[in-house]
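# Notes for the structure review
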Amino acid sequence: MRTFIPIHAASVQMGVIHERVQAVWWLRGQVKALAEATAQARASAGKAFIAMKSPINPPIIDLLSEIFQVEDRFLGSKLCSGLPVVGVADISPFFEPYRMEATLSIKDFLSSTSSRREALKRKIFGESEKAPRDILMAVVEKTAAEVSAGTMGPRRAMEDLIDIHGQYANFCQRFGIKQGLDSSGNIKYRCIDNHATSGVNEAATRTQKILMSNIASIMLLIVRYESVLRERGLLGPQWSLVGATEDLKAAYRQCPLSDSMISLCLVMFYNPSTKALDCHESYGQPFGAGHAVPNFYRIAQWCATVGRRLLKLPVDHFFDDFWIVEPKCLAPSGVWAFRSLMKSCGFGLDPGKSQIPASVWNALGVAFDMQTLRAQSKLFVKPRTKRLVNVIGELLQVWKDNRLSPSHAARLFGKLDFLNQTLFGKVGRTGLLPIKRRQYELIGDHSLSFELRAAITWIVELLVTCPPRELSLHEASKPPLLLYTDGSANPNREPMHAVGAVLFIPGQEKPLYTGCAVPDEVVSRWIPAKQQIHLVELFAGPVALDTFRPYLVNQRIIHFVDNSSALGALVKGYSNNSDCVRLVADCWL
């Protein structure tokens, strides 16, 4: 974390700003010096790069990668030729090994393109009769905007694209979804290219997994930065922390497809105005292809890495959302320098989504409130009001319609699971099990069951009443309490199920301990199973927290659990087992 923070004895306000100004002027000089090389690289680039008239500057990206020892050393050259979404994924040193084999061979994928095209035509025409016109028109309009931006080709007939790309021309269905309301109260729409049914994702072999930043990592960065400022005696109002954000515009579309992928990622959708199918070429990574995620993510990771090393900037990202946390006296220079870096490399930012430095700022749909960092030594995090209203409105609409389809359940689960990171504790996840189960219930009328209605009631109540998440500098500086819990189940013993706990308090010579049997009325409510030790281990948690409550208030606690199933449920605040969910909820509540 220290490498993130540029404050040290020799780096006062003007020193940091001067270094950034020098870095930006140097970078602009390199852009001019490499102008001819840039023109040559763009002229000899892949078909997608040229078709979309990409402003990406490969020589500058490769130069910065070499000078600052960026792990993804040849990213610029790879973007020039484009990245694949079928077959084995391209490897980035930013990510960790994780292999998932394709379920469809390249040979079978290509040999089935013709039959898949005809099936897709019938499917789209069939669904068009039931699809809301506003969503259909949103797809048409958003696609037209992409054509104007150069990231997609002009509208063509399917037969024309088959003539151009040959017998293996592969199409996917483009559809639209509603994404709540914008700041003006208008409905937002998003287009998704359904490569789950195009064969693309089935024919893709995954080789790595991405380690992503999250809300907790931002909170820890803020608290650590504030602690360092205090250690250095930088306590004036100009050293109060603020946050700023930048957003990549049409992020996935800035990453070109490789030449061979263009014919495999053709797009098809129904146009309600012409009552015909519109077909287009895609040049940027499709939102819906599995490989598109790491292909784009490496760009954002590269930008954040160079921002830290070239500009001494505390910057990180989650996909296309970048955030900068700095003192008031440094933040404007940091934002200016980061924008300059992105422009020099040819990556486009969305000015409409930028947030100027402020003590209350939004990232990942969350409001970070740093106003009380100095006065109360506390950081507060809460959901953005707009996101909260959108999700609650969506839940109430599901209740009113008395219907939740599997696809809608999947989207809703994702939103609620992410929103839970902003809530007090992790109790919010414990109501999601019925919604997660609905994702896989493909047969039936998808009306709301008793469990789903109960879950929606619980979640809405929680979203309305749950206090914001907070992190205290004082608590973070104190040594934690150590809590050990254990459970045992022995059929040859009376009682059969028992739990125990030991609490070590810093400064106290002797630990506190407790133990008890698990009441029969509790065990009788569990689903019968051969092994219930994980439930016994979970039961020990609430017992310990209730017993030692007076000692635990406003304290940091490290809780040791030696059962992996129980530990996983407590850490995630969630389980696929309903008995586990209830015990986890008791623990977090």
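Everything below is about the structure shown above.
Anyway, here's the lowdown on the structure attached to this text. (Residues numbered from 1 in each chain as written. Predicted model: local features only at pLDDT ≥ 70, side-chain atom pairs only at ≥ 80, totals over all residues. Heavy atoms only, no water.)

## Notes on the overall build of the chain
Basically, it comes down to this: Secondary structure counts use DSSP, requiring at least four H or I residues in a row for a helix and at least two E residues in a row for a strand, with both numbered from the N terminus. Throughout, the radius of gyration refers to the C-alpha atoms, and the reference size of a globule is 2.2 Å times the residue count to the power 0.38. Note on areas: these come from Shrake-Rupley sampling with a 1.4 Å probe, and a residue is covered only by the protein chains present in the view. Counting rule for charge: Lys and Arg are taken as positive, Asp and Glu as negative, and neither His nor the chain ends is counted. The atoms used to mark charge sites are NZ of Lys, CZ of Arg, CG of Asp and CD of Glu.
Each helix and strand counted, the chain has 23 helices and 19 strands in total. Radius of gyration (C-alpha) of the chain: 27 Å, near the 25 Å computed for a compact globule of 589 residues. Counting only C-alpha atoms, the chain reaches 80 × 65 × 45 Å along its principal axes. Roughly 28000 Å² of accessible area belongs to the chain as shown, and the carbon and sulfur atoms make up 57% of that amount. Across the chain, 67 positive and 54 negative side-chain charges occur, with their mean positions spaced 4 Å apart.

## Observations concerning the pattern of salt bridges
What counts here: Think of a salt bridge as a Lys or Arg side-chain nitrogen and an Asp or Glu carboxyl oxygen that are within 4 Å of each other.
The tally for this structure, following the rule as stated, stands at 25 salt bridges. Notably, a salt bridge pairs Glu246 with Arg339, separated by 2.7 Å at the nearest N-O pair. Here Glu246 is found in strand S6 (residues 241-247), whereas its partner Arg339 is found in helix H13 (residues 331-345), with 93 residues between them in sequence. Of the charged contacts in the structure, one is a salt bridge between Asp546 and Arg549, with a shortest N-O distance of 2.8 Å. Through salt bridges that share partners, Asp72, Lys78, Asp90 and Arg298 make up one connected network.

## Observations concerning helix H4 (residues 58-67)
The cut-off we apply is this: Note on exposure labels: buried denotes an accessible area under 20% of the residue type's maximum, exposed denotes more than 50%, and partly exposed covers the range between, all computed with a 1.4 Å probe on protein chains only. The contact rule is simple, with two residues in contact once any of their heavy atoms fall within 4.5 Å.
In terms of burial, H4 is largely enclosed, as seven of its ten residues are buried. Within H4, the full set of buried residues consists of Pro58, Pro59, Ile60, Ile61, Asp62, Leu64 and Ser65. Those residues of H4 that are buried lie in contact with helix H1 (13-33), helix H2 (35-43), helix H3 (47-51), helix H5 (75-81), helix H12 (292-311) and H13. Trailing H4 by a residue or two, Gln69 shows a phi angle of about 50°, which is positive.

## Overview of the packing of aromatic side chains
Heads up, the rule is: Two rings belonging to Phe, Tyr or Trp (six-membered ring only in the last case) form a pair when the distance between their centres is within 6.5 Å. Interplanar angles under 30 degrees mark stacking, angles over 60 mark edge-to-face geometry, and anything in between is tilted.
One pass over the full model with this rule turns up eleven aromatic pairs. Ring centres of Tyr252 and Phe296 lie 5.3 Å apart, and the angle between their planes is 20°; on these two criteria the pair is classed as stacked. Of this pair, Tyr252 sits in the loop between S6 and helix H11 (259-262) while Phe296 sits in helix H12, and the two are 44 residues apart along the sequence. The same class applies to Tyr252 as to Phe296, namely buried.

## Section: a positive patch on the surface
Rules: Like-charged residues within 9 Å of one another, or nonpolar side chains (Val, Leu, Ile, Met, Phe, Trp, Tyr) within 5 Å, are grouped into patches, provided each residue has over 30% relative accessible area and no salt bridge.
Together, Lys142, Lys188, Arg190, Lys353, Lys386 and Arg387 make up a positively charged patch on the protein surface. Breaking the positive patch down by element, the ones donating at least two residues are strand S4 (187-194) and helix H14 (385-401). Mapped onto the secondary structure, Lys386 falls in helix H14.

## Thoughts on the packing of H4 against H13
For clarity, the threshold we go by: To obtain each axis, a line is fitted to C-alpha atoms, and for helices this fit is confined to the stretch in contact; angles are then taken between N-to-C directions over 0 to 180 degrees. Any angle from 65 to 115 degrees is called roughly perpendicular, while one under 35 is roughly parallel, one over 145 is roughly antiparallel, and all others are oblique. The nonpolar class holds Ala, Val, Leu, Ile, Met, Phe, Trp, Tyr, Cys and Pro. Asp, Glu, Lys and Arg form the charged class, and all remaining residues, Gly among them, are polar.
In contact at an axis separation of 8 Å, H4 and H13 are set at 125° when each is read in the N-to-C sense. Taken together, H4 and H13 sit at an angle that is classed as oblique. Residues Ile60, Ile61 and Leu64 of H4 form the contact with H13, whose participating residues are Leu341, Ser344 and Cys345. A class-by-class count of the residues in the contact of H4 with H13 yields five nonpolar, one polar and no charged.

## Side note on the sheet that holds strand S2 (residues 96-100)
Worth spelling out the cut-off: Here, a strand pair is defined by DSSP locating no fewer than two bridges between the strands.
Spatially, the three strands line up as an open sheet ordered S1-S5-S2, and their pairing is mixed. The sheet terminates laterally at strand S1 (87-88) and S2, the two strands that pair on one side only. Two strands pair when backbone bridges link them, and S2 and strand S5 (residues 204-209) are joined in this way by three bridges, in the antiparallel orientation. Directly across from Pro97, in S5, lies its bridge partner Gln208.

## Examining the sheet that holds strand S12 (residues 360-363)
Spatial strand order, S12-S13-S14-S15: four strands in an open sheet with antiparallel pairing. The two strands at the open ends of the sheet, each matched to only one other strand, are S12 and strand S15 (469-472). For this sheet, the mean inter-axis angle between neighbouring strands, taken without regard to orientation, is 20°. Two elements, S12 and strand S13 (residues 366-369), share four bridges in a ladder whose sense is antiparallel. Counterpart to Ala363 in the pairing with S13 is Val366. In this fold helix H10 (residues 215-231) packs onto S12, S13, strand S14 (378-383) and S15, with an angle of close to 30° to the strand it touches most, S15.

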